[in-house]
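A structural walkthrough
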Amino acid sequence: MAEHHVATHCPYCALQCGTELTGDTGAVSVSPSWFPVNRGGLCRKGWTAPEVLGSADRLYEPLLRNEHGELVATDWDDALDLVAAKLRDLASEYGPDAVGVFGGGGLTNEKAYSLGKFARLALGTSRIDYNGRFCMAAAATAGNAAFGVDRGLPFPVTDLDEAEVILLAGGNPAETMPPLMQHLEGAELVVIDPRRSATAERAKLHLRPRPGTDLALALGLLHIAVSEGWHDAEYTARRTTGFEQAWARAVGWWPERVERVTGVPASAQRQAVRMLAGARRAYVLTGRGAEQHGDGADTVAGFINLALALGLPGVTGSGYGCLTGQGNGQGGREHGQKADQLPGYRLITDPGARAHVAGVWGVAEESLPGPGIPATRLLESAGTAGGIRALLVFGANPVLSAPHAGLARAQLSRLDLLVVADFLPSETTRMADVVLPVTQWAEEEGTMTNLEGRVLRRRALLPPPGRARSDLEVLSGLAVRLGRSETSFPTRASAVFDELARASAGGPADYSGIDYERLDSGEPLHWPCPAEPEGGSPHPGTPRLFLDSFAHPDGRARFTAVDWHGPAESTDHEYPLVATTGRTSGHYQTGEQTRRVEELSEAEPESFVRLHPDTAARTGVHDGQLARVSSARGTALARARLDGSMRQDTLFLPIHYPGTGCANLLTNPVLDPRSGIPEFKVAAVSISGVEEVDT
Ligand SMILES: Nc1nc2c(c(=O)[nH]1)N[C@H]1C(S)=C(S)[C@@H](COP(=O)(O)OP(=O)(O)OC[C@H]3O[C@@H](n4cnc5c(=O)[nH]c(N)nc54)[C@H](O)[C@@H]3O)O[C@H]1N2
Ligand SMILES: Nc1nc2c(c(=O)[nH]1)N[C@H]1C(S)=C(S)[C@@H](COP(=O)(O)OP(=O)(O)OC[C@H]3O[C@@H](n4cnc5c(=O)[nH]c(N)nc54)[C@H](O)[C@@H]3O)O[C@H]1N2
Ligand code: SF4
Ligand SMILES: [Mo]
């Protein structure tokens, strides 16, 4: 039953600000609650989120592409019957791996779980991955390697309130998570960002490396820390392994060499280390700027090595963390929509994990497929021999968000069947053969897991509009048509959660002690939260990980021996500049949601490119002029914004625009071999002004 007042959380980013919703269909208002991460704050996206519920072009009915190539309304039975029949045909002709599934880190825990189960059980395919591969993958790989478990922040956000110094590599929370800034106010900030972002403006020290050189900088900071005697040898000996091997690489990265590679003055490097090492309570944090590189996992490892050498992780009041991204960026990577994963953050290659999950699902372990392939490779395989012939997309817009977007579009057009579930038309639904209209955040129940590993309740204020159905109902409807029982694909979120909790029991991300009742009582439950033992009391959850030991069998954290080799693509005569990409405060991701909010789209209506006035003068581009930015992959059009704080060798483009403004027309689809994350933050480009003819 819909209520007229509910406590819930913002639909957008990983901070998951607490909100109160009131009103009815067409007139929903939102206000911030005193939830610890936002404490009464919301950003402009959060304040305007209800507008998207009633978007004029909201999808209310299933759509099928007819023989004239138009998407026309149909009913659910026809749409689901057709999808199931085609999937069955394709699988019987080409094998189960001919069907791919592409999920999203915005999906609730319940949806992410059902999607993974649907792929492995109803489709029998290994070919599932999700947009988190574009987002969190590097930090996840590095975190697992270093600590034995990957939770964005292994401590509550509020711990940051007490920090003296925070080093933030490649994150811009002043725009991407504004309410987080209140937790950083008490600390001196060291920000590593090639441009003077809104966060860098608030920093005590801003290091401005050339994009793609963070690992060299991290090695240099470790070099200074050790050579100046800040190394915490006692901590390293007691709580870690591998220091010597990591140091053997860093020893060659003396400050002047690092300055030549990164452009960061040796004196600033020394100052950064002295601030961080001299503080009693210090944190190292990373964001996408340091992570979205062909060496992303190694770069994160470089910053973790620095934190370990200074004795920060697993110590009260200090630590390393990664600022996760999407609303359920954390939970979205724990329940099985990742190519190599089963629920509970278990590996699909681990025989014990397979046996446990197969038991919960009531199937034979041998029937579960093995690991799949990373998102970018999944898209690339479309229509190729041995690749996917059909793709089901839930909660992503890869036509705009994948690297080398021009190619991604061509790849999707080779499919025999593209099915997209969304609540709004997107660039990806526009290419679909079947579009399935789903409910949004304020119309559904579920749980999300925020950047601090805290499990939260999403609650429905409104009934589903039009003929929209929840993603859970859509997956269940398809699973039943593919021969599965209704009971194995429940549609009630709490029932899915209970099953998910059982499937996660004993895994790294153990939710088995959590249920809706505990969450609804307001208990702050961070995973792992195992089920209570017989006759015992409920587990209180784990706000702080690693205080006693790290999650590796020997209890120690691991240094990783890493070295810098540079981005995959270098600048040259034809493409002399580096383009990097990122976010602005008023738009979310590919902008499908926020571009529909009048206030936000009026404030930032079109794509832009930031460049230094001298770069503009050299290339003949004027402030406010439309510019053509080109790479070896393609060309994007963006309005020039001259910015004296930019590096002269670097351009910055936002990721929020479609069509010719899409920044991913430029980006390099090269992947980090360890994590599969694409190199979104470095592309060699040129820029020139476009003569606009008055009409
Ligand atoms: N307003 C808004 N907020 C969001 C989102 C959004 O789309 N809009 N998306 C959410 C999601 S999914 C995510 S993942 C997070 C992302 O949050 P952030 O990581 O904060 O976002 P980005 O803007 O991608 O990158 C951060 C900074 O990295 C810098 N950068 C670029 N290249 C490099 C480099 O080579 N090295 C270093 N050190 N820095 C570099 C950019 O200049 C940018 O200021 O935000 C979440 N919040
Ligand atoms: N160049 C460059 N590219 C990037 C990045 C970058 O920094 N630079 N960042 C990368 C990152 S960090 C991310 S996270 C990705 C984001 O990339 P995407 O996830 O592809 O982008 P979104 O705009 O969030 O698309 C989500 C779509 O799912 C829909 N949706 C939202 N919630 C639900 C739901 O519950 N169910 C269903 N069925 N649909 C839903 C929305 O309406 C929207 O159309 O982009 C990546 N791409
Ligand atoms: S910071 Fe993130 S969760 Fe908070 S209101 Fe803004 S978009 Fe929503
Ligand atoms: Mo993200």
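Residues numbered from 1 in each chain as written. Chains lettered and ligands numbered in written order. Predicted model: local features only at pLDDT ≥ 70, side-chain atom pairs only at ≥ 80, totals over all residues. Heavy atoms only, no water.

Another aspect to go through is the overall build of the protein chain. For the protein chain, the count of helices and strands is 24 helices and 29 strands. The dimensions of the protein chain, computed from C-alpha atoms along their principal axes, are 80 × 65 × 50 Å. Pairs at least 24 apart in sequence give 72% of the contacts found in the protein chain among residues at least 6 apart. For the protein chain, the accessible area works out to roughly 23600 Å², and carbon and sulfur atoms hold 50% of it. Charge centroids of the protein chain, computed over 64 positive and 84 negative side chains, lie 4 Å from each other. (Helix = DSSP H or I, 4+ residues; strand = E, 2+ residues; numbered from the N terminus. Contact = heavy atoms within 4.5 Å. Areas by Shrake-Rupley, 256 points an atom, 1.4 Å probe, with all protein chains shown as cover. Lys, Arg positive; Asp, Glu negative; His and termini not counted. Charge placed at Lys NZ, Arg CZ, Asp CG, Glu CD.)

Our focus in this paragraph is the site of ligand 3. Every residue lining ligand 3 is accounted for by Cys10, Tyr12, Cys13, Leu15, Gln16, Cys17, Leu42, Cys43, Lys45, Gly46, Met177 and Pro179. The residue inventory of the shell around ligand 3, partitioned by class, reads nine nonpolar, two polar and one charged. (Near = heavy atom within 4 Å. Nonpolar A, V, L, I, M, F, W, Y, C, P; charged D, E, K, R; others polar.)

Moving on: the pattern of salt bridges. Overall, the coordinates contain 41 salt bridges when judged by the stated rule. One salt bridge connects Glu592 with Arg596, and the closest N-O pair in it is separated by 3.3 Å. Of the charged contacts, one joins Arg610 and Asp643 as a salt bridge, the two residues approaching to 3.3 Å between their closest N and O atoms. Of this pair, Arg610 sits in strand E23 (residues 608-611) while Asp643 sits in the loop between strand E25 (635-642) and strand E26 (650-654), and the two are 33 residues apart along the sequence. By relative accessible area, Arg610 is classed as partly exposed at 23%. (Salt bridge = Lys/Arg side-chain N within 4 Å of Asp/Glu carboxyl O. Buried < 20%, exposed > 50% of the residue type's maximum accessible area, 1.4 Å probe, protein only.)

As a further point, take the site of ligand 2. Neighbouring ligand 2 are 29 residues; Asn131, Asn397, Ser401, Asp422 and Thr590 lie closest to it. A distance of 2.9 Å separates an oxygen atom of ligand 2 from a polar atom in the side chain of Lys111. Within the side chain of Arg583, a nitrogen or oxygen atom sits 3.1 Å from a nitrogen atom of ligand 2. Summarising the interface, the protein chains cover 96% of the accessible area of ligand 2, which totals 910 Å² for the free molecule. For the shell around ligand 2, the secondary-structure elements that each account for two or more residues are helix H18 (398-401) and strand E17 (417-422). (Polar contact = N/O pair within 3.5 Å; in protein donor to acceptor, adjacent residues only side chain to side chain.)

This part covers the environment of Leu42. Counting through the fold element by element, Leu42 comes out in the loop between strand E3 (27-32) and helix H1 (44-48). C-alpha of Leu42 to C-alpha of Cys135: the two residues are 93 residues apart in sequence and 23 Å apart in space. Leave out the neighbours within four places in its chain, and Leu42 touches Cys17, Gly18, Thr19, Val30, Ser31, Pro32, Trp47 and Pro179.

A word on the packing of aromatic side chains. The tally for this structure, following the rule as stated, stands at 15 aromatic pairs. Seen in terms of ring centroids, Phe147 and Phe550 are 5.7 Å apart; in terms of plane orientation they differ by 25°. Their pairing is stacked. Of this pair, Phe147 sits in helix H5 (residues 137-147) while Phe550 sits in the loop between helix H22 (516-520) and strand E21 (557-558), placing them 403 residues apart in sequence. Given a relative accessible area of 3%, Phe550 falls into the buried group. Aromatic pair Phe497 and Tyr511: ring centres 6.2 Å apart, planes at 55°, arrangement tilted. With Phe497 in helix H21 (residues 493-504) and Tyr511 in the loop between H21 and H22, this pair connects stretches of sequence that are 14 residues apart. In this structure Tyr511 comes out as buried when scored by relative accessible area, which is 0%. (Phe/Tyr/Trp six-rings, centres within 6.5 Å; stacked < 30°, edge-to-face > 60°.)

Here the protein chain is described as being made up of domain 1 (4-54), domain 2 (63-134 + 330-493), domain 3 (137-323) and domain 4 (577-689). Each partner contributes residues to the interface: domain 1 has twelve residues there, and domain 3 has eleven residues. Both faces combined, the contact of domain 1 with domain 3 buries some 780 Å², and carbon together with sulfur accounts for 63% of it. Three residues stand out in domain 1 for area buried against domain 3, namely Leu15, Val37 and Arg39, and they jointly supply 55% of the buried area on that side. Summed over the shared surface of domain 1 and domain 3, the number is one salt bridge. Close ionic contact of Asp161 with Arg39 constitutes a salt bridge, the shortest N to O distance being 3.1 Å. Linking domain 1 with domain 3 are six residue pairs in polar contact (both at pLDDT 80 or more), by the criterion used here. (Domains from an automatic or database assignment. Buried area = accessible area lost by both parts, 1.4 Å probe.)

Our focus in this paragraph is helix H16 (residues 351-361). Side chains three or four residues apart in an α-helix point the same way, a direct result of the helix having 3.6 residues per turn. Looking at H16, one finds that the buried residues are Ala353, Arg354, Val357, Ala358, Val360 and Trp361. One face of H16 carries all of its buried residues, which in axial projection span an arc of 155°. Exposed residues pointing more than 90 degrees away from the buried face of H16 are listed as Pro351 and Gly359. N-cap assignment for H16: the residue whose side-chain oxygen lies 2.9 Å from the backbone N of Gly352 is Asp350. Once H16 finishes, Gly362 follows within two positions and takes phi at roughly 70°, a positive value. (Arc of directions from axis to C-beta.)

Its location among the elements puts His206 in strand E10 (residues 205-207). Judged by its relative accessible area of 19%, His206 falls in the buried class. Here the side chain of His206 touches Asp193 through a polar contact of 2.7 Å, landing on its backbone oxygen. Within the local environment of His206, its side chain forms a polar contact with the backbone oxygen of Arg195, the two atoms lying 3.3 Å apart.

Bringing unusual backbone geometry into the picture now. Following Trp527, the chain continues to Pro528 via a peptide bond in cis, the omega torsion being -5°. One can find Pro528 in the loop between H22 and E21. Positive phi outside glycine occurs at Gln16, with the angle close to 55°. The topology assignment puts Gln16 in the loop between strand E1 (5-9) and strand E2 (18-24). Residue Gln16 is classed as buried on the basis of its relative accessible area, which comes to 2%. For His404, which is not glycine, the phi torsion reads 50° and is therefore positive. Within the secondary structure, His404 sits in the loop between H18 and helix H19 (405-413).

With that settled, consider the pairing of E25. Pairing analysis gives four bridges linking E23 to E25, with the strands arranged parallel. Each residue of the ladder has a partner; that of Phe608, found in E25, is Arg639. Here five bridges tie strand E24 (residues 626-630) to E25, and the two strands are oriented antiparallel to one another. Opposite Ala627, over in E25, you have Ala638 as the bridge partner. With antiparallel pairing between neighbouring strands as the criterion, E24 and E25 make up a hairpin whose turn holds four residues. (Pairing = 2+ DSSP bridges.)

Moving on: the sheet that holds strand E9 (residues 188-192). The five strands lie next to each other as E10-E9-E8-E12-E13, forming an open sheet whose pairing is parallel. Strands with a single pairing partner mark the edges of an open sheet, and in this sheet they are E10 and strand E13 (319-322). Across the sheet, the axes of successive neighbouring strands diverge by a mean angle of 15°, strand direction being ignored. Here five bridges tie strand E8 (residues 165-169) to E9, and the two strands are oriented parallel to one another. (Axes fitted to C-alpha atoms, helices over the stretch in contact; angles between N-to-C directions.)

The next thing to look at is the environment of Ala683. Its place among the elements puts Ala683 in strand E29 (residues 683-689). Overall, Ala683 belongs to the buried group, its relative accessible area being 2%. The spatial distance from the C-alpha of Ala683 to the C-alpha of Gly212 is 9.6 Å, given a sequence separation of 471 residues. In this structure Ala683 touches Glu569, Leu577, Val578, Ala579, Arg633, Leu666 and Thr667, once residues within four positions along its chain are discounted.

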